[in-house]
Amino acid sequence: MITGAPLDMLKENLPVDEEPLLLSEDVTTGLVLVDLVNGFCTVGSGNLAPQQPDQQIEEMVGESVRLAKLFCGKKWPIFAFLDTHRPDVPEHPYPPHCIVGTEEANLVPALEWLEKEPCVTIRRKDCIDGFVGSFDKDGSNVFVDWIHANQIKTLLVLGICTDICVLDFVSSTLSARNRGILVPLEEVIVYSKGCATFDLPVHVAKSSKELIAHPQDLLHHVGLYIARARGAKIASEVGFLVPVD
């Protein structure tokens, strides 16, 4: 993990404007959870899972649980992507992960209860970009249909990885919004504390030609910066203007 001067320099030269977000019943808001699966979040659960407790990932899971409970309590719509791959279809450059039928491809234990909630739509995706992964063979798109059916105006996005699956989904969603595909969607908001990415230090990456260094804090910030540059808003905190039962 890189901290101190390099991270400070990055934040100084690529600042990310973050603001607190207060949700209101006056605006229909949907919550999107990206890949809160064991294979990315639970220690020791696969090739792309953390190998030891990770503070950034733990905070992301905690905030996802908190907001999912609040949304379900209000019966507000939730869309959860679960990264799920067939063993015979690799996803280069990543090693095999989240294979269908394994625990890696399932929700983390703290969110398993979402499967029984009527306001939750779950989509297993076989690619990085959840927007693309929402297309069915007949050309329909489950995510697009969810936006239309719930008349969502604001989208709040949390998940992993900030600079990969979250960023790709946000970028595609913003492009689709700009083309009028997602009416009435107006705003896409990424919650910084509700997102995380993985850490692969340079010295570890040098041990194999197959690995690419991936400093966690730097690329988490870069992911947020690019999402902001694409047109998303970045939330530093998320609360509610109305009492939550």
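In this report, we go over the structure that sits alongside the text. Note that this is a predicted model, so its numbers are computed, not measured.

Details of the packing of helix α1 (residues 5–13) against helix α7 (residues 216–230)
One way to put it is that α1 packs onto α7 with a least axis distance of 10 Å and a crossing angle of 10°. As summarised for this structure, α1 and α7 are arranged roughly parallel, according to the angle between their axes. For the pair α1 and α7, the contacting residues are P6, L7, L10 and K11 in the first and D217, L218, H221 and V222 in the second.

Digging into the pattern of salt bridges
Enumeration over the complete set of coordinates arrives at eight salt bridges. Linking K74 and E25 is a salt bridge whose minimum nitrogen-to-oxygen distance equals 2.7 Å. Of this pair, K74 sits in helix α3 (residues 55–74) while E25 is found in the loop between β1 (18–23) and β2 (29–34), placing the two residues 49 residues apart along the sequence. Exposure remark for K74: the relative accessible area of 17% places this residue in the buried category. Among the ionic pairs, R66 bridges to E63, the shortest N-O distance being 2.9 Å. Here R66 pairs with E63, and both are found in helix α3, just three residues apart, close to one helical turn. Through salt bridges that share partners, D35, D83 and K125 make up one connected network.

Some details on the nonpolar core
Among the nonpolar cores identified, the biggest contains 69 residues, and V32, F143, L155, L156, F169 and V170 are the most heavily contacted of them. Examining the composition of this core, we find that nine residues originate from one element, α3, more than from any other. When near neighbours in sequence (up to four residues on either side) are disregarded, F143 contacts V32, F79, F131, S134, L155, F169, T173 and L182.

Here's the deal with the sheet that holds strand β5 (residues 154–160)
The seven strands lie next to each other as β1-β7-β6-β5-β2-β3-β4, forming an open sheet whose pairing is parallel. Taken across any chain shown, the strands that pair with only one partner, and hence form the sheet edges, are β1 and β4 (120–125). Between one strand axis and the next, the sheet turns by 30° as a mean value, whatever way the strands run. Here helix α5 (residues 165–178) sits on the sheet in contact with β2, β3 (78–83), β4, β5 and β6 (187–196), set at roughly 160° to β5. The sheet contacts of α7 involve β6 and β7 (233–240), and relative to β6 the element is tilted by about 175°.

Considerations on the packing of α5 against α7
Look at α5 against α7: their axes get within 10 Å of each other, and the N-to-C directions meet at 0°. Relative to α7, the element α5 is oriented roughly parallel. Listed contacts from α7 to L167, V170, S171 and L174 of α5 are G223, I226, A227 and R230. Tallied by class, the residues present in the contact of α5 with α7 amount to five nonpolar, two polar and one charged.

Considering the packing of aromatic side chains
The geometry of an aromatic ring pair comes down to the distance between the two centres and the angle between the two planes. Considering all chains together, one arrives at 11 aromatic pairs under this definition. Consider the rings of F79 and W146, whose centres lie 5.2 Å apart with planes at 65°: the pair is edge-to-face. Taken together, the residues F79 in strand β3 and W146 in helix α4 (residues 142–150) connect sequence positions 67 residues apart. Accessibility classification places F79 together with W146 in one group, the buried group. Here a set of aromatic residues connected by ring pairs shows up, and it is made of F79, F81, F131, F135, F143, W146 and F169.

Considering the side chain of H214
Among the structural elements, H214 can be located in the loop between α6 (202–205) and α7. A distance of 2.8 Å separates the side chain of H214 from the backbone oxygen of F198, its partner in a polar contact. Beyond its immediate chain neighbours, meaning those up to four positions away, H214 contacts D163, I164, T197, F198, D199, L200 and L219.

Quick notes on the rules
Residues numbered from 1 in each chain as written. Predicted model: local features only at pLDDT ≥ 70, side-chain atom pairs only at ≥ 80, totals over all residues. Heavy atoms only, no water. Axes fitted to C-alpha atoms, helices over the stretch in contact; angles between N-to-C directions. Helix = DSSP H or I, 4+ residues; strand = E, 2+ residues; numbered from the N terminus. Parallel < 35°, antiparallel > 145°, perpendicular 65-115°, else oblique. Contact = heavy atoms within 4.5 Å. Salt bridge = Lys/Arg side-chain N within 4 Å of Asp/Glu carboxyl O. Buried < 20%, exposed > 50% of the residue type's maximum accessible area, 1.4 Å probe, protein only. Core = buried A, V, L, I, M, F, W, Y, C linked by side-chain atoms within 4.5 Å. Pairing = 2+ DSSP bridges. Nonpolar A, V, L, I, M, F, W, Y, C, P; charged D, E, K, R; others polar. Phe/Tyr/Trp six-rings, centres within 6.5 Å; stacked < 30°, edge-to-face > 60°. Polar contact = N/O pair within 3.5 Å; in protein donor to acceptor, adjacent residues only side chain to side chain.

Purely geometric numbers; function is a separate question.
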